[in-house]
Amino acid sequence: MKKKSPVFEENYQYYLKRIGALDLPLCADILGAEVDAGGLMVSFFGRPHRISGDGVIGPDGLRPSYSTCIILFKYILMCPDAVQARGPWNSFRDFKDAGPLVGYFTKEVETQIARGFEGDVNRLAVAAEKWGGRLPETVFSCDLSVQFDPLPRLSMLMLFNERDEEFPSHCSVLFERQTASYLDMESVAVLGHVLSEGLLALK
């Protein structure tokens, strides 16, 4: 078993202290979460996770991955003063402060999905459904469009075009404009990576 980095554990404990200092029930309605014995139940890609000053517990009763924990911590710690209106879809590069992470996002999210499912759009559709994806309300001009709801107040949109005689397959992952009110850009990039890893694991 791969040993966890001590830095990860230190960061995890640091965030637990910050979470423990919050009045979590006050954040519940704004975040679309449920109060659970002093903690919060937050849906992450359709799966319930409990967050409190004692730790993060996934649907299997265990601590989820470090990436998932950090995203959930940031979602709670960045809780705005009111529910933010849902906005139009934006590419990752369109967000303020995304600049230094655009290369990472392109390589580790969009390119990974495009290459991983090149020539097999049907398999991607099946994996997306298993990962909680659904048809978006808007019709897009592409071979496959899937909307995901990683967090109660946030959605993601994956647009995939299969390869043809001139171009390789291409994938774009978009976010709603209000995303920046709930997560910092590093967490948004990691959220995209969680999606790409999850889909590829179901390939």
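Described below are features of the structure shown in this document.

Right, let's talk about the overall build of the protein chain for a bit. Along its length, the protein chain carries six helices and eight strands. For the protein chain, the N- to C-terminal ordering of α and β elements is α-α-β-β-β-β-α-β-α-α-β-β-β-α. In terms of overall dimensions, the protein chain is globule-like: its C-alpha atoms have a radius of gyration of 17 Å, near the 17 Å expected for 203 residues. For the protein chain, the spread of C-alpha atoms along the principal axes amounts to about 55 × 45 × 30 Å. Per-residue burial for the protein chain yields a buried fraction of 45% across its 203 residues. Long-range contacts, defined as pairs at least 24 residues apart, comprise 62% of the intrachain contacts of the protein chain with a sequence gap of at least 6. Summed over all atoms, the accessible surface of the protein chain reaches about 11000 Å², with 50% contributed by carbon and sulfur. Across the protein chain, the 21 positively charged side chains and the 27 negatively charged ones have centroids separated by 6 Å.

Another aspect to go through is unusual backbone geometry. Even without being glycine, alanine 37 reaches a positive phi, approximately 50°. Tracing the backbone shows alanine 37 in the loop between strand 1 (34-36) and strand 2 (39-44). Look at alanine 37 and you get exposed, because its relative accessible area is 74%. Positioned with a positive phi, aspartate 97 is a non-glycine residue whose angle comes to about 75°.

Further remarks concern the packing of aromatic side chains. By the definition in use, this model includes nine aromatic pairs. Centre to centre, the rings of phenylalanine 8 and tyrosine 66 are 4.2 Å apart; their planes meet at 10°, and the pair counts as stacked. Highlighted residues: phenylalanine 8 in helix 1 (residues 6-20) and tyrosine 66 in helix 3 (residues 66-77), separated in sequence by 58 residues. On the basis of relative accessible area, phenylalanine 8 is assigned to the partly exposed category, the value being 40%.

All right, on to the pairing of strand 8 (residues 170-176) then. With five of seven residues buried, strand 8 is to be regarded as a mostly interior element. Of the pairings in the sheet, the one linking strand 5 (residues 89-91) to strand 8 comprises three bridges and is antiparallel in character. The residue of strand 8 that forms the bridge with tryptophan 89 is glutamate 176. Both strand 7 (residues 154-161) and strand 8 contribute to a ladder of six bridges, which runs antiparallel.

For the structure shown, the criterion picks out six salt bridges. Across the salt bridge formed by aspartate 184 and lysine 74, the nearest N and O atoms sit 3.1 Å from each other. Here lysine 74 lies in helix 3 and aspartate 184 lies in the loop between strand 8 and helix 6 (185-201), a separation of 110 residues in the sequence. Residues aspartate 120 and arginine 123 are paired through a salt bridge, measuring 2.9 Å at the closest nitrogen-oxygen approach.

Turning our attention to the sheet that holds strand 3 (residues 47-52). Taken together, four strands build an open sheet; the order of strands is 1-2-3-4 and the sheet is antiparallel. The open sheet has two edge strands with one neighbour each: strand 1 and strand 4 (55-57). Within the sheet, the average angular offset between the axes of one strand and its neighbour, ignoring direction, is 30°. The pairing of strand 1 with strand 2 spans three bridges and is classified as antiparallel. Bridging from a neighbouring strand, valine 35 pairs with leucine 40 of strand 2.

Procedures and definitions
- Counting of residues starts from 1 at the beginning of each chain's written sequence and follows it residue by residue.
- Note on the predicted model: pLDDT of at least 70 is required for a residue's local features to be given, and 80 or more for side-chain atom pairs to be given and counted; whole-chain, interface and lining totals, by contrast, use all residues.
- Here the side-chain values reflect all heavy atoms present in the structure, with hydrogen atoms and water set aside.
- Numbered from the N terminus, helices here are DSSP runs of H or I no shorter than four residues, and strands are runs of E no shorter than two.
- Based on C-alpha atoms, the radius of gyration is set beside the globule rule, defined as 2.2 Å times the residue count to the power 0.38.
- The classification of residues rests on relative accessible area computed with a 1.4 Å probe and restricted to protein chains. Under 20% of the type maximum is buried, over 50% is exposed, and intermediate values are partly exposed.
- Two residues qualify as a contact provided that any one of their heavy atoms is within 4.5 Å of a heavy atom in the partner residue.
- Only the protein chains shown count as covering a residue, and every accessible area follows the Shrake-Rupley method with a 1.4 Å probe.
- Neither His nor the chain ends contribute to the count of charged residues, in which Lys and Arg are positive and Asp and Glu negative.
- Where a charge lies is defined by one atom per residue type: Lys uses NZ, Arg uses CZ, Asp uses CG and Glu uses CD.
- Stacked, tilted and edge-to-face pairs are distinguished by plane angle, under 30 degrees for stacked and over 60 for edge-to-face with tilted covering the rest, among Phe, Tyr and Trp rings (Trp via its six-membered ring) whose centres lie within 6.5 Å.
- Strand pairing follows a simple DSSP-based rule, namely that at least 2 bridges must link the two strands.
- For this document, the term salt bridge refers to a Lys or Arg side-chain nitrogen within 4 Å of an Asp or Glu carboxyl oxygen.
- Note on method: axes are straight lines fitted to C-alpha atoms, helices fitted across the in-contact stretch only, with angles between N-to-C directions ranging 0 to 180 degrees.

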